[in-house]
Amino acid sequence: MDAEEEIALEEDDRCPTGISGLDEVIGGGFPRGRTILLTGACGTGKTIFGVQYLFNGITKYNEPGVLVLLEQNIDQLRKDMRAFNYDLRELEEVGKLVIIDASLSRFNVSDINLPKPSHDRSFSLTSIELIETKEVVDIILDTAKEIGARRIVIDSLPALNNLVKSESSVRDIILNMNYRLQGGDLTSIIIDDIFDDRKPGFSTQAYVVDGVIVLDYKTSGPDMGRYLTIQKMRGTRHSDNIHPIRFSEGVGIEVLGVE
Ligand SMILES: Nc1ncnc2c1ncn2[C@@H]1O[C@H](COP(=O)(O)OP(=O)(O)OP(=O)(O)O)[C@@H](O)[C@H]1O
Ligand SMILES: [Mg+2]
């Protein structure tokens, strides 16, 4: 990409993450309207990253967001995120954040009435019979439209795959999402888990999306610590380095090693 194209992407075409150090190494933010896959083993910080992206979007850039939560309980998440000063409830109450809670759906618990506060729009998918990938994507996109969202986070893709009661594969879901989100005003993060030893960032879904960020956590040895790598980011220059990251109370994730 030449310098002129790079400059053309600089302003409205960027979706800043607001994550300290990250925007600097991806030319100012994610290219807008794209889908980014965020991948890593368990406990590497994918959920924190996703929430931070939405939280910053609302509080720093006035861009509402939708979180599709499939991996964990909504109340637990709200509680965990308070350690980083992310008051999700406050953002839900003012209608800037909607959490679609699908965390029980994968267990087919369809008749539980989860207590739902009346003052926000977050809702549970457990009572909805989901058949096709398209319907899941419809619900997400309709919700996004209702609140004028510009950011979506889906946590996570394998759990979403379990929720869809059809022959759809992860690849179908991501192709469908990617196709329908593309060119729109929504910049999305889809979280993917790594359960085995396959090399992160080289799954089928990684080829389909526009960007791949890999989080890593080395628990022993001289390079012990947490890391972030930008595996790919179509349409922009980006750092090729393995960046150390830090999780700080009251802050969230910070990307280090940025000149
Ligand atoms: N208050 C905190 N301060 C610092 N680090 C924390 C704090 N809370 C959690 N962590 C770290 O973050 C990790 C969890 O991060 P997160 O839930 O984002 O990971 P994940 O990649 O989404 O995991 P999973 O694949 O299991 O969903 C914890 O294992 C812990 O190491
Ligand atoms: Mg998680």
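First, a word on what this report is: a plain description of the structure on this page.

Definitions and limits used
Residues numbered from 1 in each chain as written. Chains lettered and ligands numbered in written order. Predicted model: local features only at pLDDT ≥ 70, side-chain atom pairs only at ≥ 80, totals over all residues. Heavy atoms only, no water. Helix = DSSP H or I, 4+ residues; strand = E, 2+ residues; numbered from the N terminus. Buried < 20%, exposed > 50% of the residue type's maximum accessible area, 1.4 Å probe, protein only. Contact = heavy atoms within 4.5 Å. Near = heavy atom within 4 Å. Polar contact = N/O pair within 3.5 Å; in protein donor to acceptor, adjacent residues only side chain to side chain. Areas by Shrake-Rupley, 256 points an atom, 1.4 Å probe, with all protein chains shown as cover. Nonpolar A, V, L, I, M, F, W, Y, C, P; charged D, E, K, R; others polar. Arc of directions from axis to C-beta. Phe/Tyr/Trp six-rings, centres within 6.5 Å; stacked < 30°, edge-to-face > 60°. Lys NZ or Arg CZ within 6 Å of the ring centre and 35° of its normal. Core = buried A, V, L, I, M, F, W, Y, C linked by side-chain atoms within 4.5 Å.

Focus: the side chain of S188
- For S188, the location among the structural elements is in strand β8 (residues 187-193).
- Look at S188 and you get buried, because its relative accessible area is 0%.
- Contacts of S188, omitting those with residues within four sequence positions, involve R34, T35, I36, Y53, I152 and L181.

Quick look at the site of ligand 1
- Residues in close proximity to ligand 1 total 13 residues, the closest being G43, K46, T47, I48 and R226.
- G45 places a main-chain nitrogen or oxygen 3.0 Å from an oxygen atom of ligand 1.
- One nitrogen or oxygen atom from the side chain of T47 is found 2.8 Å from an oxygen atom belonging to ligand 1.
- When the free accessible area of ligand 1 is taken as 650 Å², the share hidden by the protein chains comes to 65%.
- For the shell around ligand 1, the leading source of residues is helix α3 (residues 46-61), giving three residues.
- Along the lines of polarity and charge, the residues of the shell around ligand 1 split into six nonpolar, four polar and three charged.

Some points on helix α4 (residues 74-82)
- Those residues of α4 lying buried are I74, L77, R78 and M81. Take α4 and look down its axis: the buried residues cluster within an arc of 100 degrees, on one side only. Opposite its buried face, α4 presents the exposed residues K79 and R82, each directed more than 90 degrees away.
- Buried-residue contacts for α4 involve α3, β4 (65-69), α5 (88-93) and β5 (97-101).
- At the N-terminal boundary of α4, the capping side chain belongs to N73, with an oxygen 2.8 Å from the backbone nitrogen of D75.

Section: the packing of aromatic side chains
- Applying the stated rule across the entire model yields three aromatic pairs.
- Measuring from ring centre to ring centre gives 6.0 Å for F84 and Y86, while their planes differ by 35 degrees; the resulting arrangement is tilted.
- Residue class for F84 comes out buried when judged on its relative accessible area of 11%.
- The exposure class assigned to Y86 is buried, which follows from its relative accessible area of 3%.
- A network of ring pairs unites the aromatic residues F55, F84 and Y86 as a single cluster.
- The side chain of R226 reaches across the aromatic face of F247, ending 4.1 Å from its centre.

Some thoughts on the nonpolar core
- Core analysis: the biggest nonpolar cluster contains 37 residues, and L22, F30, F49, L88, I189, I213 and L228 have the highest contact counts within it.
- Element by element, the count of residues in this core is highest for α3, at seven residues.
- In contact with F30, other than residues within four places in its own chain, are D13, R14, C15, T17, I36, F49, Y53, T187, I189, I213 and M233.
- One finds L37, A149, L181 and V212 within the second-largest nonpolar core, a separate group that totals 33 residues.

With respect to unusual backbone geometry
- Note that the residue after D155, namely S156, is joined by a cis bond; omega there is 10 degrees.
- Here S156 lies in the loop between β7 (151-155) and α7 (157-163).
- Within the chain, N62 stands out as a residue other than glycine whose phi angle is a positive 55 degrees.
- Among the secondary structure elements, N62 is positioned in the loop between α3 and β4.
- Residue class for N62 comes out exposed when judged on its relative accessible area of 51%.
- With a phi angle near 70 degrees, N85 is a residue other than glycine that sits in the positive phi range.
- Along the polypeptide, N85 turns up in the loop between α4 and α5.
- The exposure class assigned to N85 is exposed, which follows from its relative accessible area of 54%.

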